[in-house]
Amino acid sequence: ITCPGVLLKDKQELYLSVFVLGQYKKTQCVPAVFPVFFQEKLVFEKAFANIVDPGDLVKLLEFDTAVLELIQLVPPVGEVLATYEENTRDFLFPDPKLTHGHRGLEREILMKRSPFFT
C-alpha cells in the first residue's frame, strides 16, 4: 500500500481487513511505515450449492459487497485509515485494464481515506 508523502503520527502497527463472500479475514500486523507490504495470501472459499446457471452466479456476486479496510491498532479498538468497497463480481473479476502485469496476481485499487486520516 502506498501513500506518498504521508507519515503516520501514531506508530502502532497496521493490518488489512478483508470481507468477501460473507467471510472475514485479516492480515498479520506490519509496521506503520509507507509503503506497506503484506506478504501473505488470504484464501476465501465458497460453494454455491443451488446455482447451476453461471448467469445466476454473476447476479449473486453483483449483489454481494467486498470490503477492504486498512486499520491501525490505535487503542481502544483501532482506527480505520482507508476503505475500499465494490461489488464482489467486479472485485474478483475486474475488467481488463490498459496496464501491464499478470492478470489476477497484481491489482491496483484506490482506497478512500477516512475523514481523520490526513
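Residues numbered from 1 in each chain as written. Predicted model: local features only at pLDDT ≥ 70, side-chain atom pairs only at ≥ 80, totals over all residues. Heavy atoms only, no water.

We now examine the sheet that holds strand β1 (residues 14-20). Strand order in this open sheet of five strands is β2-β1-β3-β4-β5, and the pairing throughout is antiparallel. With one partner strand each, in any of the chains shown, β2 (23-26) and β5 (112-113) form the two edges of the open sheet. With six bridges connecting them, β1 and strand β3 (residues 65-72) associate as antiparallel partners. Bridging from a neighbouring strand, phenylalanine 19 pairs with valine 67 of β3. (Pairing = 2+ DSSP bridges. Helix = DSSP H or I, 4+ residues; strand = E, 2+ residues; numbered from the N terminus.)

Attention now moves to the side chain of threonine 27. Within the element layout of this structure, threonine 27 appears in the loop between β2 and α1 (54-63). You can call threonine 27 buried: its relative accessible area is 7%. Looking at threonine 27, its side chain comes within polar contact range of the main-chain nitrogen of leucine 16, at 2.9 Å. Residues in contact with threonine 27, not counting those within four places in the same chain, are Tyr15, Leu16, Phe38, Glu40 and Leu42. (Buried < 20%, exposed > 50% of the residue type's maximum accessible area, 1.4 Å probe, protein only. Polar contact = N/O pair within 3.5 Å; in protein donor to acceptor, adjacent residues only side chain to side chain. Contact = heavy atoms within 4.5 Å.)

Note the cis peptide between phenylalanine 34 and proline 35, where omega equals 0°. In this structure, proline 35 sits in the loop between β2 and α1. One non-glycine residue, leucine 21, adopts positive backbone phi at about 55°. Among the secondary structure elements, leucine 21 is positioned in the loop between β1 and β2. A relative accessible area of 13% means that leucine 21 is categorised as buried.

What follows deals with the side chain of serine 17. Among the structural elements, serine 17 can be located in strand β1. The class of serine 17 is buried, set by a relative accessible area of 5%. The contact partners of serine 17, leaving out residues within four places of it in the chain, are Tyr24, Lys25, Lys26, Val67, Leu68, Glu69 and Ile71.

What follows concerns the environment of aspartate 53. Of note, aspartate 53 is situated in the loop between β2 and α1. Side-chain polar atoms of aspartate 53 contact the backbone nitrogen of glycine 55, separated by 3.0 Å.

Counting 23 residues, the largest nonpolar core has Leu8, Leu14, Phe34, Leu68, Leu70, Met111 and Phe117 as its most contacted members. Within the residue set of this core, elements represented by two or more residues are β1, β3 and β4 (79-87). Leucine 70 has contacts with Ile1, Leu14, Tyr15, Leu16, Phe34, Phe38, Glu79, Val80, Leu81, Ala82 and Met111, leaving out every residue within four places of it along the chain. (Core = buried A, V, L, I, M, F, W, Y, C linked by side-chain atoms within 4.5 Å.)

Turning next to the pattern of salt bridges. Evaluated as defined, the whole model comprises two salt bridges. With its nearest N and O atoms 3.8 Å apart, the salt bridge here joins arginine 89 to glutamate 62. Here arginine 89 is found in helix α2 (residues 88-92), whereas its partner glutamate 62 is found in helix α1, with 27 residues between them in sequence. Relative accessible area serves as the criterion here: at 27%, arginine 89 is assigned to the partly exposed category. Arginine 89 is paired through a salt bridge with aspartate 90; the nearest N and O atoms lie 3.2 Å apart. Look at aspartate 90 and you get partly exposed, because its relative accessible area is 26%. Salt bridges sharing partners connect three or more residues here, namely Glu62, Arg89 and Asp90. (Salt bridge = Lys/Arg side-chain N within 4 Å of Asp/Glu carboxyl O.)

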